[in-house]
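# Close look at the chain arrangement
Given next are the chains, with one letter for each unit.
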Amino acid sequence: MGAVISFFYPPAPAPAPKPDLIPAWRTLDWGKKKDELQWLESFRPQSDNVKHLRVLLCGPAGSGKSSFINSVDSICQNRITGPADANNALEADPELAKIAGQSFTRKYKTHRIQKGTPGQYYPFVFNDVMGLEPTNGILLGDLTLAMKGRVKDNYKFDPKTPLDDSNDCYINNPTSNDKAHILVFVLAVDFNQVADEQMFKKITEIRLAARDLDIPQIAILTKIDEKSCDLVKKDLKNVYSSTNIKNAMEGLSNTVGFPLRCIFPLKNYHGEIELNDEMDMLILTALRQILSFANDRVNATDVAAADQTANTVNIT
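Because the structure is a prediction, the values reported are computed rather than measured.

A word on the overall build of the protein chain. Regarding its fold elements, the protein chain presents 10 helices and 6 strands. For the protein chain, with 316 residues in total, the buried portion stands at 46%. Here the contacts in the protein chain between residues at least 6 apart in sequence split such that 70% fall between residues at least 24 apart. Accessible surface, the protein chain as shown: approximately 17000 Å² in total, 50% of it carbon and sulfur.

Moving on, we come to helix α1 (residues 33-42). Listed in full, the buried residues belonging to α1 are Lys33, Glu36 and Leu40. Axial view of α1: buried residues confined to an arc of 60°, hence all on one face.

Our next topic: the pattern of salt bridges. The tally for this structure, following the rule as stated, stands at 9 salt bridges. As a salt-bridge pair, Lys33 and Asp277 come within 3.1 Å of each other at their nearest N and O atoms. Taken together, the residues Lys33 in helix α1 and Asp277 in helix α10 (residues 277-315) connect sequence positions 244 residues apart. By relative accessible area, which is 15% here, Lys33 ends up buried. We classify Asp277 as partly exposed; its relative accessible area is 45%. Where Asp225 meets Lys267, a salt bridge forms, and the shortest distance between an N and an O atom there is 3.1 Å. Taken together, the residues Asp225 in helix α7 (residues 224-227) and Lys267 in the loop between β6 (263-265) and α10 connect sequence positions 42 residues apart. Through salt bridges with shared partners, a single network forms among Lys33, Asp277 and Asp280.

The strand order across the open sheet built from 6 strands is β2-β3-β1-β4-β5-β6, with neighbouring strands paired in mixed fashion. Edge positions in the sheet fall to β2 (109-114) and β6, since each of these pairs with one other strand and no more. Pairwise comparison of adjacent strand axes, ignoring direction, gives a mean angle of 25° for this sheet.

Moving on, we come to the environment of Leu231. Note that Leu231 resides in helix α8 (residues 230-234). For the pair Leu231 and Ser241, spaced 10 residues apart in sequence, the C-alpha to C-alpha distance is 9.6 Å. Excluding residues that lie within four positions of it along the chain, Leu231 makes contacts with Asp20, Leu21 and Asn238.

We now examine the pairing of strand β4 (residues 182-188). A large share of β4 lies buried, amounting to 7 of its 7 residues. Burial along β4 is two-sided: the residues Ile182, Val184, Val186 and Ala188 and Leu183, Phe185 and Leu187 are all buried. Where strand β1 (residues 53-58) meets β4, 4 bridges bridge the pair, whose relative direction is parallel. Bridge assignment links Leu57 to a residue of β4, and that residue is Val184. As defined by bridge partners, β4 adjoins strand β5 (residues 217-222) across 6 bridges and the pair is classed as parallel. Looking at the pairing, Val186 lines up with Ile220 of β5.

Calculation rules
Residues numbered from 1 in each chain as written. Predicted model: local features only at pLDDT ≥ 70, side-chain atom pairs only at ≥ 80, totals over all residues. Heavy atoms only, no water. Helix = DSSP H or I, 4+ residues; strand = E, 2+ residues; numbered from the N terminus. Buried < 20%, exposed > 50% of the residue type's maximum accessible area, 1.4 Å probe, protein only. Contact = heavy atoms within 4.5 Å. Areas by Shrake-Rupley, 256 points an atom, 1.4 Å probe, with all protein chains shown as cover. Arc of directions from axis to C-beta. Salt bridge = Lys/Arg side-chain N within 4 Å of Asp/Glu carboxyl O. Pairing = 2+ DSSP bridges. Axes fitted to C-alpha atoms, helices over the stretch in contact; angles between N-to-C directions.

It is worth stressing that arrangement in space is one thing and function is another; only the former is reported here.
Below you can see the structure in the form of structure tokens.
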């Protein structure tokens, strides 16, 4: 009998783990904070028909809508401020703890950003609304009315009863200044991992309603230092080299359809007592795009109105 020859095949090597950091896929000049502030200082709406651009914020409860307003205000005032109520201390306050997981914002309120001396303001305003929740969040109809400019300040949202024209807080004849010029979705960076099917459905319905009103949309991803990776927490300049951040942005694009160019990761001011240049640059970069898109919307509306007027004159 011939000799038995055996062969030893070493196990295949395990695939190399994907690196946490990859070459940056989006460039950001971190040293241009001064330039961004100068741009903001000189910013003006393109249309004479509006005195300010209205930025409407929406998103799940606790995603950082009010904190984003506070962060922008802090940068503009060059100090930490807090004009918009933000629910950051659930454990410390029993009353707040009762609404844990629910929206802290209940009333529709316009937030203006002071520019220089008291009484002067930047030509844009923010409106925060009740958060999106699986059962008791803001109604789609109420959010649509806010986009149309039909909701008065201090209207208290009711998740069971929609606003209608019988309510004193209903605006029958909204002006261009009342209407939203852009819709900003504020979402935690881990949104895709924690959101359920109902939440994805709500986001999609809101996006379709905004689309039908020709309102541009942008998404900002918050809490990138808490819910992404240690490398971003250690150094925010790693944000556009982080595979976790890239995956979160691509995931949001795939699930709810935001183009990647319309998604901006950032960190809101939360427990800090001093400003941070890297945080400011991420916030200012998002804010520039928000205001630019809103300005484009106002300009397009003016062009359409002018064309309609011209057509009417030609017909007559």
